[in-house]
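Per-entry structural report
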Amino acid sequence: MKLRGRVLSVASECVPLVKTGGLADVVGALPGALAPLGWEMRVLMPAYRALRARVAEAPANWTEVWREEGLWGGPGRVLLGRVDGLEVMLLDAPHLYGRVGGPYSGPSGDWSDNPQRFAALSWVAARIAREGAGDGWKPDVMHVHDWQAGFAPAYLAYGGSNGVGSVLTIHNIAFQGWAAASLLGELRLPADQYYPGALEYFGGLSSLKAGLVTCDRITTVSPTYAAELMRPEFGMGLQGVIAARSSVVAGILNGVDTTVWTPEGEPLAYSAKAMAGKAANRAELCAAFGLEVPGPLAIIVSRLTDQKGIDLVPQVMPDFIEAGGGLVVLGSGDPVLEGAMRDLAARYPGRVGLRIGYDEALSHRLFAGGDAVLVPSRFEPCGLTQMYGLRYGTLPVVAAVGGLADTVIHANPAAISAGVATGITFHPTDATAFATALRQILALHAQPKLWAQVQRNAMQQDVSWASSAAAYAALYQGLVA
Ligand code: ADP
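Residues numbered from 1 in each chain as written. Predicted model: local features only at pLDDT ≥ 70, side-chain atom pairs only at ≥ 80, totals over all residues. Heavy atoms only, no water.

**With respect to the site of the ligand**
To keep it simple, the criterion reads: Each residue is tested against the molecule or strand, and it is near if at least one of its non-hydrogen atoms lies within 4 Å. Pairing of N or O atoms within 3.5 Å defines a polar contact, subject to two protein rules: one partner must be a possible hydrogen donor and the other a possible acceptor, and residues neighboring in sequence count only if both atoms are side-chain atoms. Per-residue and other accessible areas follow the Shrake-Rupley method at a 1.4 Å probe size, with only the shown protein chains counted as cover for residues. Helix numbering and strand numbering both begin at the N terminus, where a helix is a DSSP run of H or I of at least 4 residues and a strand a DSSP run of E of at least 2. Residue classes follow a fixed rule: Ala, Val, Leu, Ile, Met, Phe, Trp, Tyr, Cys and Pro count as nonpolar, while Asp, Glu, Lys and Arg count as charged, and any other residue, Gly among them, counts as polar.
The local shell around the ligand holds 16 residues, among which Arg303, Lys308, Gly357, Leu384 and Tyr388 are the closest. Measuring from a nitrogen atom of the ligand, one finds a backbone N or O atom of Asp359 at 3.0 Å. Within the side chain of Tyr388, one N or O atom sits 2.8 Å away from an oxygen atom of the ligand. When the ligand sits alone it has 570 Å² of accessible area, and the protein chains cover 85% of it. Contributions of two or more residues to the shell around the ligand are made by strand E15 (297-304), strand E16 (326-333), helix H13 (360-369) and helix H14 (385-392). Per-element tally for the shell around the ligand: the top contributor is E15, with three residues. Grouping the constituent residues of the shell around the ligand by class yields five nonpolar, six polar and five charged.

**Some details on the pairing of E16**
Using the following cut-off: Think of it in three bands: residues with accessible area under 20% of the maximum for their type are buried, residues over 50% are exposed, and the middle band is partly exposed, with areas taken using a 1.4 Å probe on protein chains only. In this scheme, strands are said to pair when DSSP sees at least two bridges between them. Crossovers are marked right-handed if the path from the first strand over the helix to the second runs clockwise, as seen with the strands pointing away from the viewer.
For E16, the buried fraction is high: six of the eight residues fall into the buried class. Pairing geometry for E15 and E16, over eight bridges, is parallel. Within E16, the position partnered with Ile300 by the bridge is Val329. For the crossover from E15 across helix H11 (residues 313-322) to E16, the handedness is right-handed. One ladder, built from five bridges, connects E16 with strand E17 (residues 352-356); its direction is parallel. Within E17, the residue paired with Gly331 across the bridge is Ile356. Each parallel crossover has a hand, and for E16 linked through helix H12 (residues 335-347) to E17 it is right-handed.

**Observations concerning the sheet that holds E16**
To keep things clear, this is the line we draw: In this analysis an axis means a line fitted to C-alpha atoms, helices contributing only their contacting stretch, and an angle means the value between N-to-C directions, from 0 to 180 degrees. By the convention used here, residues are in contact when the closest approach between their heavy atoms is within 4.5 Å.
One open sheet accounts for six strands, arranged E17-E16-E15-E18-E19-E20; its pairing is parallel. At either end of the open sheet lies a strand with only one pairing partner, and these are E17 and strand E20 (424-426). Along the sheet, successive strands turn relative to each other by an average axial angle of 15°, direction set aside. Strands in contact with helix H10 (residues 276-289) are E15, E16 and E17; relative to E15, the strand with the most contacts, it is inclined by about 65°. Of the strands in this sheet, E15, strand E18 (372-375) and strand E19 (395-399) touch H14, which is tilted by about 165° from E18.

**Some remarks on the environment of Arg245**
Relative to the helices and strands, Arg245 resides in the loop between helix H9 (239-244) and strand E14 (249-251). Taking the C-alpha atoms as reference points, Arg245 and Leu212, 33 residues apart in sequence, are found 8.3 Å from one another.

**Considerations on the sheet that holds strand E8 (residues 141-145)**
Strand order in this open sheet of nine strands is E3-E4-E5-E2-E1-E8-E9-E13-E14, and the pairing throughout is mixed. If you trace the sheet from one side to the other, it starts and ends with strand E3 (63-68) and E14, each paired once. Within this sheet the neighbouring strands show an average axis-to-axis angle of 25°, counted without direction. Alignment of strand E13 (residues 217-220) against E14, held across three bridges, turns out to be parallel. Its bridge partner being in E14, Ile218 is matched across the sheet by Val249. Together, strand E1 (5-10), strand E2 (39-46), E3, strand E4 (76-83), strand E5 (86-92) and E8 form the strand contacts of helix H4 (residues 114-131), whose direction differs from that of E3 by roughly 110°.

**Details of the side chain of Gln176**
Among the secondary structure elements, Gln176 is positioned in the loop between strand E9 (165-170) and strand E10 (178-179). Note on Gln176: relative accessible area 14%, which makes it buried. A distance of 3.0 Å separates a polar atom in the side chain of Gln176 from the backbone oxygen of Ile173. Among the polar contacts made by the side chain of Gln176, one reaches the main-chain carbonyl oxygen of Met236 at a distance of 2.9 Å. Dropping the residues within four chain positions of it, Gln176 is found in contact with Trp147, Tyr201, Ser206, Ser207, Leu208, Gly235, Met236 and Leu238.

**What to know about H11**
Three or more residues of H11 are buried, namely Val313, Val316, Met317, Pro318, Phe320 and Ile321. Where H11 is buried, its residues touch E15, E16, H12, E17, E18 and helix H17 (431-445). Following H11 by one or two positions, Gly324 adopts a phi angle in the positive range, close to 110°.

Shown next as C-alpha coordinates:
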(Lines give C-alpha, C1' and ligand atoms only; values in the text may rest on other atoms or scores of the structure.)
Protein backbone atom coordinates (compact mmCIF):
# COMPACT_ATOMS: atom_id res chain seq x y z
CA MET A 1 0.00 0.00 0.00
CA LYS A 2 1.31 3.36 -1.02
CA LEU A 3 1.81 5.68 1.94
CA ARG A 4 -0.47 8.67 1.49
CA GLY A 5 0.47 10.45 4.66
CA ARG A 6 1.03 10.41 8.38
CA VAL A 7 -1.42 11.54 11.03
CA LEU A 8 -0.74 12.41 14.64
CA SER A 9 -3.86 11.57 16.64
CA VAL A 10 -4.03 13.38 19.99
CA ALA A 11 -6.41 12.28 22.72
CA SER A 12 -6.79 11.67 26.43
CA GLU A 13 -8.11 8.12 26.03
CA CYS A 14 -7.53 5.21 23.68
CA VAL A 15 -8.72 1.60 23.68
CA PRO A 16 -7.12 -0.71 24.83
CA LEU A 17 -5.12 1.54 27.19
CA VAL A 18 -7.60 3.88 28.89
CA LYS A 19 -11.33 4.25 28.41
CA THR A 20 -14.03 6.27 30.11
CA GLY A 21 -16.27 6.74 27.07
CA GLY A 22 -16.86 6.26 23.35
CA LEU A 23 -14.02 8.67 22.50
CA ALA A 24 -11.54 5.94 23.46
CA ASP A 25 -13.17 3.46 21.06
CA VAL A 26 -12.89 5.86 18.13
CA VAL A 27 -9.28 6.80 18.88
CA GLY A 28 -8.33 3.15 19.23
CA ALA A 29 -10.17 2.01 16.08
CA LEU A 30 -9.06 4.69 13.63
CA PRO A 31 -5.40 3.68 13.12
CA GLY A 32 -6.33 0.14 12.11
CA ALA A 33 -9.13 1.33 9.84
CA LEU A 34 -6.91 3.94 8.13
CA ALA A 35 -3.84 1.78 7.57
CA PRO A 36 -5.32 -0.11 4.58
CA LEU A 37 -6.05 3.28 2.98
CA GLY A 38 -2.42 4.35 3.16
CA TRP A 39 -2.63 6.56 6.25
CA GLU A 40 -0.19 5.89 9.05
CA MET A 41 -1.52 7.07 12.39
CA ARG A 42 0.18 7.38 15.76
CA VAL A 43 -1.75 8.15 18.94
CA LEU A 44 -0.27 10.62 21.43
CA MET A 45 -1.78 10.43 24.91
CA PRO A 46 -0.75 11.00 28.54
CA ALA A 47 1.16 8.30 30.43
CA TYR A 48 -1.24 7.95 33.32
CA ARG A 49 -0.08 6.05 36.39
CA ALA A 50 -1.22 2.64 35.11
CA LEU A 51 0.49 3.25 31.77
CA ARG A 52 3.76 4.22 33.47
CA ALA A 53 3.60 0.88 35.26
CA ARG A 54 3.08 -0.83 31.91
CA VAL A 55 6.18 0.87 30.54
CA ALA A 56 8.17 -0.08 33.65
CA GLU A 57 7.24 -3.75 33.08
CA ALA A 58 8.88 -3.82 29.65
CA PRO A 59 11.06 -0.71 29.23
CA ALA A 60 12.83 -2.25 26.24
CA ASN A 61 9.60 -1.99 24.25
CA TRP A 62 9.56 1.79 24.52
CA THR A 63 11.81 4.34 22.80
CA GLU A 64 12.16 7.95 23.82
CA VAL A 65 11.30 10.17 20.83
CA TRP A 66 10.84 13.56 22.48
CA ARG A 67 12.02 15.47 25.50
CA GLU A 68 10.63 18.70 26.85
CA GLU A 69 11.85 20.74 29.80
CA GLY A 70 9.52 23.13 31.57
CA LEU A 71 6.23 21.36 31.05
CA TRP A 72 4.13 23.16 33.63
CA GLY A 73 6.13 22.24 36.69
CA GLY A 74 8.49 19.55 35.49
CA PRO A 75 10.02 17.84 32.48
CA GLY A 76 8.27 15.50 30.09
CA ARG A 77 9.32 12.86 27.59
CA VAL A 78 7.48 10.98 24.90
CA LEU A 79 7.84 7.21 24.69
CA LEU A 80 7.00 5.36 21.48
CA GLY A 81 5.79 1.78 21.64
CA ARG A 82 3.37 -0.71 20.14
CA VAL A 83 0.26 -1.95 21.92
CA ASP A 84 -1.99 -4.49 20.15
CA GLY A 85 -0.76 -3.29 16.77
CA LEU A 86 -1.28 0.36 17.68
CA GLU A 87 1.59 2.84 17.49
CA VAL A 88 1.33 4.80 20.73
CA MET A 89 3.30 7.79 21.96
CA LEU A 90 2.95 8.25 25.71
CA LEU A 91 3.64 11.66 27.16
CA ASP A 92 5.41 10.79 30.38
CA ALA A 93 5.28 13.73 32.78
CA PRO A 94 4.64 12.22 36.23
CA HIS A 95 4.05 15.58 37.90
CA LEU A 96 0.97 15.93 35.66
CA TYR A 97 -0.26 12.40 34.99
CA GLY A 98 1.34 9.99 37.46
CA ARG A 99 -1.51 10.33 39.94
CA VAL A 100 -3.85 7.94 41.71
CA GLY A 101 -7.26 8.35 40.12
CA GLY A 102 -8.90 8.64 36.70
CA PRO A 103 -7.70 10.64 33.69
CA TYR A 104 -9.59 13.76 34.77
CA SER A 105 -10.28 13.40 38.47
CA GLY A 106 -8.97 12.02 41.73
CA PRO A 107 -10.56 11.04 45.02
CA SER A 108 -11.77 14.60 45.66
CA GLY A 109 -13.13 15.50 42.23
CA ASP A 110 -11.67 16.98 39.03
CA TRP A 111 -7.95 17.80 39.16
CA SER A 112 -7.77 21.56 39.64
CA ASP A 113 -4.88 21.83 37.18
CA ASN A 114 -6.69 20.11 34.30
CA PRO A 115 -6.19 23.18 32.08
CA GLN A 116 -2.40 22.89 32.54
CA ARG A 117 -2.39 19.06 32.34
CA PHE A 118 -4.07 19.04 28.97
CA ALA A 119 -2.34 22.19 27.76
CA ALA A 120 0.86 20.17 28.22
CA LEU A 121 -0.46 17.33 26.05
CA SER A 122 -1.54 19.87 23.43
CA TRP A 123 1.76 21.76 23.58
CA VAL A 124 3.84 18.66 22.97
CA ALA A 125 1.44 17.56 20.21
CA ALA A 126 1.80 20.86 18.37
CA ARG A 127 5.59 20.74 18.67
CA ILE A 128 5.84 17.18 17.38
CA ALA A 129 3.44 18.07 14.56
CA ARG A 130 5.56 21.05 13.60
CA GLU A 131 9.06 19.63 14.11
CA GLY A 132 8.62 15.86 13.81
CA ALA A 133 9.41 13.27 16.48
CA GLY A 134 12.95 12.29 17.44
CA ASP A 135 12.87 9.16 15.28
CA GLY A 136 12.27 11.26 12.17
CA TRP A 137 8.52 10.61 12.03
CA LYS A 138 6.83 13.81 10.85
CA PRO A 139 3.04 14.02 10.49
CA ASP A 140 1.21 15.69 7.61
CA VAL A 141 -1.95 16.11 9.65
CA MET A 142 -2.64 16.54 13.34
CA HIS A 143 -6.05 15.12 14.33
CA VAL A 144 -7.13 16.09 17.84
CA HIS A 145 -10.10 14.92 19.90
CA ASP A 146 -12.37 16.89 22.22
CA TRP A 147 -11.46 19.59 24.75
CA GLN A 148 -8.49 17.69 26.14
CA ALA A 149 -6.54 18.35 22.94
CA GLY A 150 -8.30 21.60 22.00
CA PHE A 151 -5.30 23.84 22.61
CA ALA A 152 -3.16 21.85 20.16
CA PRO A 153 -4.51 23.47 16.96
CA ALA A 154 -4.18 26.86 18.69
CA TYR A 155 -0.51 26.26 19.57
CA LEU A 156 0.09 24.99 16.04
CA ALA A 157 -1.60 27.98 14.43
CA TYR A 158 -0.05 30.62 16.68
CA GLY A 159 3.44 29.10 16.61
CA GLY A 160 3.49 28.39 12.86
CA SER A 161 2.01 25.22 11.36
CA ASN A 162 4.94 24.31 9.12
CA GLY A 163 2.44 23.03 6.56
CA VAL A 164 0.71 20.62 8.95
CA GLY A 165 -3.09 20.57 8.64
CA SER A 166 -5.24 20.23 11.75
CA VAL A 167 -8.55 18.48 12.39
CA LEU A 168 -10.63 18.73 15.56
CA THR A 169 -13.29 16.12 16.28
CA ILE A 170 -16.11 16.83 18.74
CA HIS A 171 -17.35 13.70 20.47
CA ASN A 172 -19.39 15.48 23.11
CA ILE A 173 -20.00 19.23 23.11
CA ALA A 174 -20.99 19.17 26.79
CA PHE A 175 -17.35 19.17 27.90
CA GLN A 176 -15.65 22.38 26.84
CA GLY A 177 -12.41 22.63 28.85
CA TRP A 178 -13.18 25.79 30.72
CA ALA A 179 -10.32 27.82 32.27
CA ALA A 180 -10.11 31.21 33.92
CA ALA A 181 -9.09 34.15 31.73
CA SER A 182 -6.26 34.90 34.17
CA LEU A 183 -4.54 31.71 32.93
CA LEU A 184 -4.09 33.08 29.40
CA GLY A 185 -0.37 33.79 29.79
CA GLU A 186 0.36 30.73 31.88
CA LEU A 187 -1.27 28.59 29.20
CA ARG A 188 1.10 30.14 26.64
CA LEU A 189 -1.69 31.74 24.63
CA PRO A 190 -1.19 35.12 22.91
CA ALA A 191 -2.79 38.02 24.77
CA ASP A 192 -3.79 39.71 21.51
CA GLN A 193 -6.03 36.75 20.67
CA TYR A 194 -8.21 37.27 23.72
CA TYR A 195 -11.37 38.63 22.09
CA PRO A 196 -14.80 37.13 21.31
CA GLY A 197 -13.89 36.17 17.74
CA ALA A 198 -10.91 34.14 18.98
CA LEU A 199 -10.03 32.82 22.45
CA GLU A 200 -12.43 34.65 24.75
CA TYR A 201 -15.36 32.49 25.92
CA PHE A 202 -18.04 33.96 28.22
CA GLY A 203 -15.39 35.88 30.13
CA GLY A 204 -12.97 32.97 30.34
CA LEU A 205 -11.22 30.43 28.18
CA SER A 206 -12.34 27.16 26.63
CA SER A 207 -9.82 24.77 25.16
CA LEU A 208 -12.55 23.39 22.89
CA LYS A 209 -13.36 26.84 21.55
CA ALA A 210 -9.65 27.58 21.12
CA GLY A 211 -9.41 24.49 18.92
CA LEU A 212 -12.59 25.28 17.01
CA VAL A 213 -11.42 28.75 15.98
CA THR A 214 -7.89 27.71 14.98
CA CYS A 215 -8.14 24.24 13.37
CA ASP A 216 -8.40 23.70 9.63
CA ARG A 217 -11.30 21.24 9.74
CA ILE A 218 -13.96 20.45 12.32
CA THR A 219 -15.68 17.09 12.44
CA THR A 220 -18.20 15.48 14.68
CA VAL A 221 -19.47 11.93 14.83
CA SER A 222 -22.59 12.16 12.65
CA PRO A 223 -23.90 14.47 9.92
CA THR A 224 -27.08 15.29 11.83
CA TYR A 225 -25.16 16.14 15.02
CA ALA A 226 -22.95 18.42 12.90
CA ALA A 227 -26.04 20.35 11.82
CA GLU A 228 -27.57 20.27 15.31
CA LEU A 229 -24.42 21.74 16.88
CA MET A 230 -25.08 24.98 15.00
CA ARG A 231 -28.40 25.37 16.84
CA PRO A 232 -28.85 26.70 20.39
CA GLU A 233 -30.75 23.59 21.60
CA PHE A 234 -27.67 21.42 21.00
CA GLY A 235 -24.64 23.74 20.71
CA MET A 236 -24.36 24.44 24.46
CA GLY A 237 -23.00 27.92 23.91
CA LEU A 238 -20.69 27.05 21.01
CA GLN A 239 -23.40 27.06 18.29
CA GLY A 240 -22.33 30.47 16.96
CA VAL A 241 -18.65 29.51 16.86
CA ILE A 242 -19.41 26.32 14.92
CA ALA A 243 -21.95 27.98 12.61
CA ALA A 244 -19.39 30.66 11.75
CA ARG A 245 -17.10 27.87 10.51
CA SER A 246 -19.81 25.80 8.82
CA SER A 247 -17.83 25.59 5.57
CA VAL A 248 -15.19 23.41 7.26
CA VAL A 249 -17.57 21.32 9.41
CA ALA A 250 -18.29 17.69 8.50
CA GLY A 251 -20.14 14.85 10.22
CA ILE A 252 -18.52 11.42 9.93
CA LEU A 253 -20.31 8.50 11.56
CA ASN A 254 -18.44 6.22 13.92
CA GLY A 255 -18.21 2.58 12.97
CA VAL A 256 -18.53 -0.46 15.17
CA ASP A 257 -16.09 -3.31 15.56
CA THR A 258 -17.83 -5.85 13.36
CA THR A 259 -15.59 -8.69 14.52
CA VAL A 260 -16.85 -8.23 18.09
CA TRP A 261 -20.42 -7.30 17.21
CA THR A 262 -21.59 -10.07 14.93
CA PRO A 263 -24.45 -12.53 15.51
CA GLU A 264 -22.33 -15.17 13.80
CA GLY A 265 -19.84 -14.88 16.66
CA GLU A 266 -22.37 -15.47 19.45
CA PRO A 267 -22.59 -18.82 21.29
CA LEU A 268 -26.01 -19.41 19.69
CA ALA A 269 -24.91 -18.14 16.29
CA TYR A 270 -27.22 -16.86 13.58
CA SER A 271 -27.03 -14.77 10.43
CA ALA A 272 -29.32 -12.98 7.99
CA LYS A 273 -29.50 -16.22 5.99
CA ALA A 274 -30.04 -18.51 8.99
CA MET A 275 -32.20 -16.73 11.53
CA ALA A 276 -33.27 -19.76 13.58
CA GLY A 277 -30.53 -19.04 16.12
CA LYS A 278 -32.14 -15.74 16.98
CA ALA A 279 -35.21 -17.49 18.39
CA ALA A 280 -32.92 -19.68 20.47
CA ASN A 281 -31.20 -16.58 21.84
CA ARG A 282 -34.59 -15.03 22.62
CA ALA A 283 -35.68 -18.13 24.50
CA GLU A 284 -32.42 -18.18 26.47
CA LEU A 285 -32.79 -14.50 27.38
CA CYS A 286 -36.42 -14.92 28.46
CA ALA A 287 -35.49 -17.93 30.57
CA ALA A 288 -32.62 -16.05 32.21
CA PHE A 289 -34.95 -13.23 33.30
CA GLY A 290 -38.03 -15.37 33.90
CA LEU A 291 -40.01 -13.70 31.13
CA GLU A 292 -42.89 -14.83 28.99
CA VAL A 293 -43.51 -12.31 26.22
CA PRO A 294 -46.06 -13.00 23.44
CA GLY A 295 -45.26 -9.80 21.47
CA PRO A 296 -41.98 -8.03 20.71
CA LEU A 297 -39.22 -8.24 23.33
CA ALA A 298 -37.57 -4.82 23.62
CA ILE A 299 -34.14 -4.24 25.14
CA ILE A 300 -32.29 -1.20 26.50
CA VAL A 301 -28.50 -1.20 27.00
CA SER A 302 -27.55 2.24 28.19
CA ARG A 303 -26.31 4.66 30.74
CA LEU A 304 -29.45 5.48 32.72
CA THR A 305 -29.45 9.26 32.31
CA ASP A 306 -31.65 12.11 31.25
CA GLN A 307 -29.72 12.40 27.94
CA LYS A 308 -30.82 8.88 27.06
CA GLY A 309 -34.53 9.65 27.69
CA ILE A 310 -34.80 6.83 30.22
CA ASP A 311 -37.36 8.83 32.22
CA LEU A 312 -39.80 8.33 29.32
CA VAL A 313 -39.67 4.53 29.56
CA PRO A 314 -42.02 4.11 32.58
CA GLN A 315 -44.53 6.41 30.86
CA VAL A 316 -44.80 4.34 27.67
CA MET A 317 -44.32 0.81 29.01
CA PRO A 318 -47.79 0.09 30.44
CA ASP A 319 -49.50 0.28 27.02
CA PHE A 320 -46.68 -1.62 25.31
CA ILE A 321 -46.87 -4.42 27.88
CA GLU A 322 -50.66 -4.44 27.77
CA ALA A 323 -50.35 -5.05 24.02
CA GLY A 324 -48.06 -8.05 24.55
CA GLY A 325 -44.60 -6.48 24.65
CA GLY A 326 -41.79 -7.09 27.10
CA LEU A 327 -38.56 -5.37 28.11
CA VAL A 328 -35.09 -6.21 29.39
CA VAL A 329 -33.00 -3.30 30.71
CA LEU A 330 -29.23 -3.40 31.28
CA GLY A 331 -27.75 -0.19 32.58
CA SER A 332 -26.66 1.98 35.44
CA GLY A 333 -26.44 5.66 36.22
CA ASP A 334 -28.77 8.17 37.83
CA PRO A 335 -30.10 6.65 41.10
CA VAL A 336 -33.57 8.09 40.47
CA LEU A 337 -33.74 6.39 37.05
CA GLU A 338 -32.32 3.16 38.46
CA GLY A 339 -35.16 3.32 41.00
CA ALA A 340 -37.71 3.92 38.24
CA MET A 341 -36.43 0.84 36.39
CA ARG A 342 -36.66 -1.23 39.60
CA ASP A 343 -40.27 -0.10 40.08
CA LEU A 344 -41.09 -1.07 36.50
CA ALA A 345 -39.57 -4.52 36.91
CA ALA A 346 -41.42 -5.02 40.20
CA ARG A 347 -44.71 -3.93 38.64
CA TYR A 348 -44.45 -6.28 35.64
CA PRO A 349 -42.83 -9.54 36.73
CA GLY A 350 -42.62 -11.94 33.81
CA ARG A 351 -42.62 -9.02 31.37
CA VAL A 352 -39.81 -6.71 32.48
CA GLY A 353 -36.31 -7.93 33.34
CA LEU A 354 -33.63 -5.69 34.83
CA ARG A 355 -29.91 -5.82 35.51
CA ILE A 356 -28.37 -2.74 37.10
CA GLY A 357 -24.67 -2.65 36.28
CA TYR A 358 -22.20 -2.70 33.38
CA ASP A 359 -21.87 -6.11 31.75
CA GLU A 360 -20.47 -6.43 28.24
CA ALA A 361 -21.14 -10.18 27.93
CA LEU A 362 -24.74 -9.77 29.02
CA SER A 363 -25.19 -6.90 26.56
CA HIS A 364 -24.32 -9.32 23.74
CA ARG A 365 -27.03 -11.70 24.95
CA LEU A 366 -29.55 -8.86 24.96
CA PHE A 367 -28.79 -7.86 21.38
CA ALA A 368 -28.84 -11.47 20.24
CA GLY A 369 -32.10 -12.28 22.03
CA GLY A 370 -34.11 -9.05 21.75
CA ASP A 371 -36.55 -8.18 18.97
CA ALA A 372 -36.11 -4.40 19.22
CA VAL A 373 -33.65 -2.01 20.90
CA LEU A 374 -35.04 1.23 22.34
CA VAL A 375 -32.94 4.43 22.17
CA PRO A 376 -35.13 7.42 23.11
CA SER A 377 -32.23 9.90 23.46
CA ARG A 378 -32.71 13.66 23.76
CA PHE A 379 -29.38 14.14 21.99
CA GLU A 380 -27.00 11.53 20.61
CA PRO A 381 -23.75 12.55 18.85
CA CYS A 382 -23.50 9.13 17.16
CA GLY A 383 -24.75 6.28 19.33
CA LEU A 384 -23.61 2.69 19.08
CA THR A 385 -26.42 0.53 20.40
CA GLN A 386 -28.72 1.25 17.45
CA MET A 387 -25.90 0.02 15.18
CA TYR A 388 -25.51 -3.18 17.20
CA GLY A 389 -29.28 -3.52 16.83
CA LEU A 390 -28.98 -3.29 13.04
CA ARG A 391 -26.22 -5.93 12.97
CA TYR A 392 -28.26 -8.31 15.10
CA GLY A 393 -31.64 -7.82 13.39
CA THR A 394 -32.85 -6.33 16.69
CA LEU A 395 -34.83 -3.49 15.19
CA PRO A 396 -33.91 -0.04 16.48
CA VAL A 397 -36.69 2.20 17.82
CA VAL A 398 -34.91 5.54 18.10
CA ALA A 399 -35.45 9.25 18.60
CA ALA A 400 -34.62 11.03 15.33
CA VAL A 401 -31.65 13.01 16.70
CA GLY A 402 -27.93 13.03 15.90
CA GLY A 403 -26.42 9.78 14.71
CA LEU A 404 -29.66 7.91 15.44
CA ALA A 405 -31.36 9.88 12.65
CA ASP A 406 -28.46 9.08 10.30
CA THR A 407 -28.35 5.32 10.85
CA VAL A 408 -31.98 4.18 11.07
CA ILE A 409 -34.46 4.37 8.18
CA HIS A 410 -38.03 4.68 9.41
CA ALA A 411 -40.39 1.94 8.32
CA ASN A 412 -43.05 4.09 6.71
CA PRO A 413 -45.00 2.58 3.80
CA ALA A 414 -42.73 4.15 1.16
CA ALA A 415 -39.52 2.90 2.80
CA ILE A 416 -41.04 -0.54 3.30
CA SER A 417 -42.12 -0.87 -0.33
CA ALA A 418 -38.72 0.41 -1.49
CA GLY A 419 -37.13 -2.29 0.71
CA VAL A 420 -34.95 0.14 2.69
CA ALA A 421 -36.68 0.38 6.09
CA THR A 422 -34.49 -0.67 9.02
CA GLY A 423 -36.39 0.41 12.16
CA ILE A 424 -38.68 3.00 13.71
CA THR A 425 -37.77 6.64 14.33
CA PHE A 426 -39.76 9.22 16.27
CA HIS A 427 -39.69 12.92 16.92
CA PRO A 428 -39.72 14.87 19.18
CA THR A 429 -38.23 13.01 22.13
CA ASP A 430 -41.34 12.84 24.31
CA ALA A 431 -43.68 10.21 25.67
CA THR A 432 -46.37 10.79 23.03
CA ALA A 433 -44.04 10.25 20.07
CA PHE A 434 -42.28 7.36 21.81
CA ALA A 435 -45.63 5.66 22.49
CA THR A 436 -46.59 6.04 18.83
CA ALA A 437 -43.27 4.44 17.82
CA LEU A 438 -43.96 1.49 20.12
CA ARG A 439 -47.42 1.02 18.56
CA GLN A 440 -45.68 0.96 15.17
CA ILE A 441 -43.20 -1.69 16.26
CA LEU A 442 -46.09 -3.77 17.68
CA ALA A 443 -47.93 -3.49 14.34
CA LEU A 444 -44.82 -4.46 12.39
CA HIS A 445 -44.17 -7.41 14.68
CA ALA A 446 -47.70 -8.64 14.02
CA GLN A 447 -46.75 -9.05 10.32
CA PRO A 448 -44.01 -11.70 10.40
CA LYS A 449 -43.12 -11.48 6.70
CA LEU A 450 -42.70 -7.73 6.84
CA TRP A 451 -40.76 -7.99 10.11
CA ALA A 452 -38.38 -10.48 8.55
CA GLN A 453 -37.85 -8.18 5.57
CA VAL A 454 -37.00 -5.19 7.77
CA GLN A 455 -34.65 -7.42 9.79
CA ARG A 456 -32.87 -8.42 6.59
CA ASN A 457 -32.55 -4.78 5.53
CA ALA A 458 -31.17 -3.87 8.94
CA MET A 459 -28.61 -6.66 8.95
CA GLN A 460 -27.35 -5.65 5.51
CA GLN A 461 -26.45 -2.10 6.64
CA ASP A 462 -22.74 -1.35 6.61
CA VAL A 463 -21.91 -0.12 10.10
CA SER A 464 -18.21 -1.06 9.92
CA TRP A 465 -15.33 1.38 10.19
CA ALA A 466 -14.61 1.04 6.47
CA SER A 467 -16.79 3.87 5.19
CA SER A 468 -15.94 6.17 8.13
CA ALA A 469 -12.24 5.60 7.58
CA ALA A 470 -12.64 6.46 3.91
CA ALA A 471 -14.30 9.74 4.89
CA TYR A 472 -11.44 10.62 7.28
CA ALA A 473 -8.91 9.65 4.62
CA ALA A 474 -10.59 11.99 2.13
CA LEU A 475 -10.53 14.76 4.72
CA TYR A 476 -6.80 14.29 5.36
CA GLN A 477 -6.12 14.14 1.63
CA GLY A 478 -7.84 17.50 1.23
CA LEU A 479 -5.48 19.01 3.79
CA VAL A 480 -2.36 17.55 2.24
CA ALA A 481 -3.25 18.44 -1.34
P1 ADP B 1 -22.66 6.87 25.26
O2 ADP B 1 -21.22 6.87 24.82
O3 ADP B 1 -23.33 8.20 25.24
O4 ADP B 1 -22.88 6.17 26.57
P5 ADP B 1 -23.05 5.10 22.98
O6 ADP B 1 -24.28 4.40 22.48
O7 ADP B 1 -22.26 5.88 22.01
O8 ADP B 1 -23.51 5.99 24.21
O9 ADP B 1 -22.05 4.03 23.62
C10 ADP B 1 -22.40 3.32 24.78
C11 ADP B 1 -21.60 2.02 24.79
O12 ADP B 1 -21.60 1.49 26.11
C13 ADP B 1 -22.21 0.94 23.92
O14 ADP B 1 -21.15 0.14 23.45
C15 ADP B 1 -23.10 0.19 24.89
O16 ADP B 1 -23.35 -1.13 24.49
C17 ADP B 1 -22.25 0.23 26.13
N18 ADP B 1 -23.01 0.15 27.37
C19 ADP B 1 -23.72 1.12 27.98
N20 ADP B 1 -24.24 0.69 29.14
C21 ADP B 1 -23.86 -0.59 29.27
C22 ADP B 1 -24.06 -1.59 30.28
N23 ADP B 1 -24.77 -1.34 31.38
N24 ADP B 1 -23.50 -2.80 30.10
C25 ADP B 1 -22.78 -3.06 28.99
N26 ADP B 1 -22.54 -2.16 28.02
C27 ADP B 1 -23.06 -0.95 28.15
